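Results of the structural survey
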Amino acid sequence: MRKDIEIIKLIFKTQLVWRFDIAANVLFTISKIVFAYIVWSAVFGEKEMIAGFTFHTMLSYYIISSFLSQLDMSERIGWDISSAIRGGTFSKFMVLPINTERYFIARTIGASAFHLLFHLIAAVIWIFIFQIRFAFTGDIYMLLSAACFVIIGLLFMMQLNYMLGILTFQFGNIDVFLMIKSTLVSFITGTLVPLILLPASIVAFMRVFPFYYITYLPSMLLIGQNRDEIITGIITLSLWVLAFVPVNKLLYHRLRVRFDGVGI
Amino acid sequence: MNIIETKNLTKTFQRFQKEPGLKGSMKGLFKRKYLMKSAVSDFTLTVEEGEFIGLIGPNGAGKTTLIKMLTGIIAPSNGEISVAGHYPNKLENSFKRQYAVVMGQKSQLFFELSANDTFLLFKELYNIPEDEYRKNLDYFIALFGVTDILDVQVRTLSLGERMKLELIVALLHNPKILFLDEPTIGLDAVAQKQIRKFLKEVNETKGTTIILTSHYMEDIKSLCKRCVVINEGKKLFDGDTDLLFKKYQTHKKVTVSFVQEDHFTSEIDFIPLEKSPYKTTLLIKKELSQELLKDLLVRYELDDISIEEEDIGNVVERIYNDKSGVSE
């Protein structure tokens, strides 16, 4: 555990070096809130409710879900592993006495922790300035469940991106996989639009897959909705995470022997 | 006791051969031609604990591939391999804690942070107890004299400074074996000398087994009692370094700059390498070098003169052509 904490700290420190990057990230959070405010004001117009959402619950949903999706820095794992394998620099991770998946997960947690802190500060300030009536639930059970979904969900995304990254051993180039995954994920996690706006049959189908529980469900729980989906959601998401443990282990074990370390 | 043992170790790579041009690229989309390249072939080697061995050979000889197999980065295609009692490509953590590898272009330092930050990470990764960490760090810092740069952002350091810190990171956990792939490449003479001194001291005081690849003859000559010459994946020589250089490094490389335009000629037998109106580079047999110098000083007005050991490639070529066989 101390190894992981040291990696997390190191990445956190790395992010702090770039002051302009921090400022740009804060501005990005602000612009998202402003954009959401303008768009949803126009969409709601005179209407009180859309698909069970009031203007403020919709805005709360959007801010929470985009905040959660920004926290997910797992995409870097896929790109970093892929470029390290192709450039031959992956060897520097192979020689360290730590499981490579664990190493990359700790790195991503470090980056996410940094974003959590700075985005949270920016979001709170701007919610206060815009005087958004944040529709946060007061139900502790729902709040804790949402936190569980976020943690397990992020872990799953890291596993998924790690798996895609190590496919580079086999395919040499996985840019297309990563781009397709990125587009699909932003749609099926409900980051673009609340999944409730989609047909019920599609939503039911999505519940089988983990993506539903990564951004959408925790966002809904935080605004006090979908309480009855907690137990099945936690079980489904956990099963996906557990399933990926042996899959990634086996894939890495099988595929890494193809590494020729070119570029050294 | 042998810490490294390989027997008939072989590594073959499959390389995609693309025909030139757009047509060739299109063809390659549907049908690919692969070439098999044997990077290391039937390589047998034993290394005793505490030895300092030089691996020499021209570019593409198979030195780095051998190091990659010994550290477990790549899997051998054939043959037997044992390093510190482990099969390297299993990549067990217990094995990885026993060695360190420094490759010129594969830095373990975090460029945005200071070296101290990376040291702390390695302390945890290798479970180094606090007192041992402190003791080692103090020892290496004093040996290299790098106190002033420990808190400086790594990316702003010079290549030589970075290499010193890279070596400290690698040695913090007291590895039994240290693999070094071209550690002095691109460094100036002063930094090279400091690194050589450092490595020598580590080998002598800590008993660390060191396997070094280098293009610089000086690295090998001053550090390694034993050296192994590789070419085209095969072992050409394995034995005493002094013997190797005495027998096969028969020439000196002389570079002369003239004050004014001149054409160098001499009755003494030499091999011209490069010739321009103001500069001549040549190879001369060691025993004739003194005579040549005298001749140069008497007959020409010299601006500068340098005498170097001849390139590693020539030595390898001579061993290769020596039909008397591989020396042991």
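Residues numbered from 1 in each chain as written. Chains lettered and ligands numbered in written order. Predicted model: local features only at pLDDT ≥ 70, side-chain atom pairs only at ≥ 80, totals over all residues. Heavy atoms only, no water.

An unreviewed UniProt entry lists chain B under the name ATP-binding cassette domain-containing protein, with Mobilitalea sibirica given as the organism.

In the nomenclature of an unreviewed UniProt entry, chain A corresponds to ABC-2 family transporter protein from the organism Mobilitalea sibirica.

1. Quick look at the packing of aromatic side chains
The description of an aromatic ring pair uses the distance of the two centres, along with the angle that the planes make with each other. Selection rule: Here is the rule: rings of Phe, Tyr and Trp (six-membered ring for Trp) pair when centre to centre is within 6.5 Å. Planes less than 30 degrees apart are stacked, more than 60 are edge-to-face, and the remainder are tilted. Three exposure classes are used, based on accessible area relative to the maximum for each residue type with a 1.4 Å probe and protein chains only: buried under 20%, partly exposed in between, and exposed over 50%. By the criterion adopted, a ring carries a charge over it if an Arg CZ or a Lys NZ lies within 6 Å of its centre and within 35 degrees of its normal.
Under the definition given, this model contains 35 aromatic pairs over all chains. On the numbers, 5.9 Å between centres and 85 degrees between planes, the contact of Tyr103(A) with Phe104(A) is edge-to-face. Among the residues examined, Tyr103(A) registers a relative accessible area of 4% and is labelled buried. Under the relative-accessibility criterion, Phe104(A) is labelled buried at 1%. Between Tyr139(B) and Phe140(B), the ring centres sit 5.2 Å apart and the planes meet at 70 degrees, which makes this aromatic pair edge-to-face. Through pairs of rings, three or more aromatic residues link up here, namely Phe90(A), Phe93(A), Tyr103(A), Phe104(A), Tyr162(A), Phe169(A), Tyr252(A) and Phe259(A). Its guanidinium or amino end placed over the ring of Phe245(B), Lys221(B) lies 5.1 Å from that ring's centre, counting from NZ or CZ.

2. Focus: the nonpolar core
The nonpolar side chains of a soluble globular protein tend to be buried, and buried together. Threshold: We call a set of buried residues a nonpolar core when its members are Ala, Val, Leu, Ile, Met, Phe, Trp, Tyr or Cys and they connect through side-chain atoms within 4.5 Å of each other. Each helix corresponds to a stretch of at least 4 residues labelled H or I by DSSP, and each strand to a stretch of at least 2 residues labelled E; elements are numbered beginning at the N terminus. The contact criterion used throughout is that any non-hydrogen atoms of two residues lie within 4.5 Å.
By size, the foremost hydrophobic cluster in this structure holds 168 residues, and its most contacted members are Phe90(A), Phe119(B), Leu165(B) and Phe179(B). Sort the elements by how many residues they give to this core and helix α7 (residues 140-166) of chain A lands first, with 14 residues. If near-sequence neighbours (up to four positions away) are discounted, Phe179(B) is found in contact with Ile4(B), Ile67(B), Leu70(B), Thr71(B), Val83(B), Tyr99(B), Ala100(B), Val101(B), Val102(B) and Ile211(B). Among the nonpolar cores identified, the runner-up in size contains 10 residues, and Val254(B), Val256(B), Phe264(B) and Tyr300(B) belong to it.

3. Comments concerning the sheet that holds strand β3 (residues 52-56) of chain B
One key point about sheets: their strands pair by backbone hydrogen bonds, in either a parallel or an antiparallel sense. All names here are of chain B. Heads up, the rule is: Think of it this way: DSSP has to see at least two bridges between two strands before they count as a pair. Axis geometry follows a simple rule: fit a line to the C-alpha atoms, using only the stretch in contact for helices, then measure angles between N-to-C directions, giving values from 0 to 180 degrees.
The strand order across the open sheet formed by six strands is β5-β6-β7-β3-β8-β9, and the pairing between neighbours is mixed. Each having just a single partner strand, β5 (99-103) and β9 (234-240) make up the two edges of the open sheet. Looking at each pair of strands side by side, their axes are set apart by 15 degrees on average, direction ignored. The pairing of β3 with strand β8 (residues 226-231) spans four bridges and is classified as parallel.

4. Structural notes on the interface of chain B and chain A
Rules: Note on definitions: buried area is the accessible-area loss of two parts on being combined, 1.4 Å probe, summed for both. What makes a salt bridge here is a side-chain nitrogen of Lys or Arg within 4 Å of a carboxyl oxygen of Asp or Glu, nothing more.
Contacts between chain B and chain A engage 35 residues on the former and 29 residues on the latter. Here chain B meets chain A over a buried area of about 2,900 Å², counting both sides, of which 63% is carbon and sulfur. When the buried area of chain B at its contact with chain A is split by residue, Lys106(B), Glu124(B) and Leu125(B) rank highest and sum to 21% of it. Inspection of the chain B/chain A interface yields two salt bridges. As a salt-bridge pair, Glu124(B) and Arg2(A) come within 3.3 Å of each other at their nearest N and O atoms. Going through the elements one at a time, α2 (63-70), α3 (93-96), β5 and α4 (115-125) of chain B are the ones with two or more residues in the side of chain B that touches chain A. With eight residues, α4(B) is the largest single contributor of residues to the side of chain B that touches chain A.

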